[in-house]
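Working through the structure, step by step
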Amino acid sequence: MSTPADHFETALDESSDAAARERAIGELETANECDRLADLAREDDLDETYREQALSGLAHPQCKSMLRQVAEDGDLPESLRDRAETLLEDTPDDSGAGP
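The following paragraphs examine the structure supplied in this document. Because the structure is predicted, anything quoted here is derived from the model rather than measured.

The subject of this paragraph is the overall build of the chain. Along the backbone of the chain there are six helices and zero strands. Going residue by residue from the N terminus, the α and β elements of the chain occur as α-α-α-α-α-α. Computed over the C-alpha atoms, the radius of gyration of the chain is 13 Å, within 12% of the 13 Å expected from 2.2 N^0.38 for a compact globule of 99 residues. Seen through its C-alpha atoms, the chain measures out along the principal axes to roughly 45 × 35 × 20 Å. Within the chain, the proportion of its 99 residues that are buried is 35%.

Turning next to the state of the cysteines. Within this structure, the stated rule accounts for one disulfide. With its sulfur 1.9 Å from that of its partner, Cys 34 forms a disulfide with Cys 63. On the S-S bond that ties Cys 34 to Cys 63, the torsion sits near -75°, and the link is left-handed. Taken together, the residues Cys 34 in helix 3 (residues 34-42) and Cys 63 in the loop between helix 4 (48-57) and helix 5 (64-72) connect sequence positions 29 residues apart. The class for Cys 34 is buried, based on a relative accessible area of 12%.

Take the nonpolar core next. With 25 residues, the main nonpolar core has Ile 25, Leu 40, Leu 55, Leu 58, Leu 67 and Val 70 as its most contacted residues. Among the secondary structure elements, those contributing two or more residues to this core are helix 1 (4-12), helix 2 (18-30), helix 3, helix 4, helix 5 and helix 6 (78-90). Considering every element that reaches this core, the biggest residue donor is helix 3, with five residues.

The subject of this paragraph is helix 4. Of all the positions in helix 4, only Tyr 50, Arg 51, Ala 54, Leu 55 and Gly 57 are classed as buried. The arc enclosing the buried residues of helix 4, seen along the axis, measures out at 155°, which places them on a common side. Taken together, the buried residues of helix 4 touch helix 2, helix 3, helix 5 and helix 6.

Taken together, the buried positions of helix 5 are occupied by Lys 64, Met 66, Leu 67, Val 70 and Ala 71. One side of helix 5 carries all its buried residues, which in axial view fall inside an arc of 155°. In helix 5, the exposed positions that point more than 90 degrees away from the buried face belong to Ser 65 and Glu 72. Looking at the buried positions of helix 5, the neighbouring elements they touch are helix 3, helix 4 and helix 6. Trailing helix 5 by a residue or two, Gly 74 shows a phi angle of about 80°, which is positive.

This part takes up the packing of helix 5 against helix 6. The geometry of helix 5 relative to helix 6 is characterised by a closest axis approach of 9 Å and an angle of 150° between their N-to-C directions. Compared by their axis directions, helix 5 and helix 6 come out roughly antiparallel. In the crossing of helix 5 with helix 6, the sense of the turn from one axis to the other is left-handed. Contacts between helix 5 and helix 6 pair Lys 64, Leu 67, Arg 68 and Ala 71 from the former with Arg 81, Ala 84, Glu 85, Leu 87 and Leu 88 from the latter.

Turning our eyes to something else, we now look at unusual backbone geometry. In this structure, Asn 32 takes a positive phi of about 55° despite not being glycine. By the element assignment, Asn 32 lies in the loop between helix 2 and helix 3.

Conventions adopted
- Residues numbered from 1 in each chain as written.
- Predicted model: local features only at pLDDT ≥ 70, side-chain atom pairs only at ≥ 80, totals over all residues.
- Heavy atoms only, no water.
- Helix = DSSP H or I, 4+ residues; strand = E, 2+ residues; numbered from the N terminus.
- Rg over C-alpha atoms; globule rule 2.2 N^0.38 Å.
- Buried < 20%, exposed > 50% of the residue type's maximum accessible area, 1.4 Å probe, protein only.
- Disulfide = S-S within 2.5 Å.
- Core = buried A, V, L, I, M, F, W, Y, C linked by side-chain atoms within 4.5 Å.
- Arc of directions from axis to C-beta.
- Contact = heavy atoms within 4.5 Å.
- Axes fitted to C-alpha atoms, helices over the stretch in contact; angles between N-to-C directions.
- Parallel < 35°, antiparallel > 145°, perpendicular 65-115°, else oblique.
- Left-handed = near helix turned anticlockwise from the far one by under 90°.

Take a look at the structure:
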């Protein structure tokens, strides 16, 4: 069974095929690994496609504060920063579950 650390490494691994890398990022999203997704989004050496997928993985209530931090910290190129800001605007503050 793969761990979040394994998925993170697969996402970064240029020798892995695209499907495996995308699947790894999806697994990080499923596991609410907000910090690791943010690290991927900030990774300069990672293809922009994967960085954008990592940003999209942050676009849910559990990771919204991390998405805000990534959007505001200035580590992203303009195109990804714009995408992060759009995702931030579109992400609800909570999952809609009531008491």
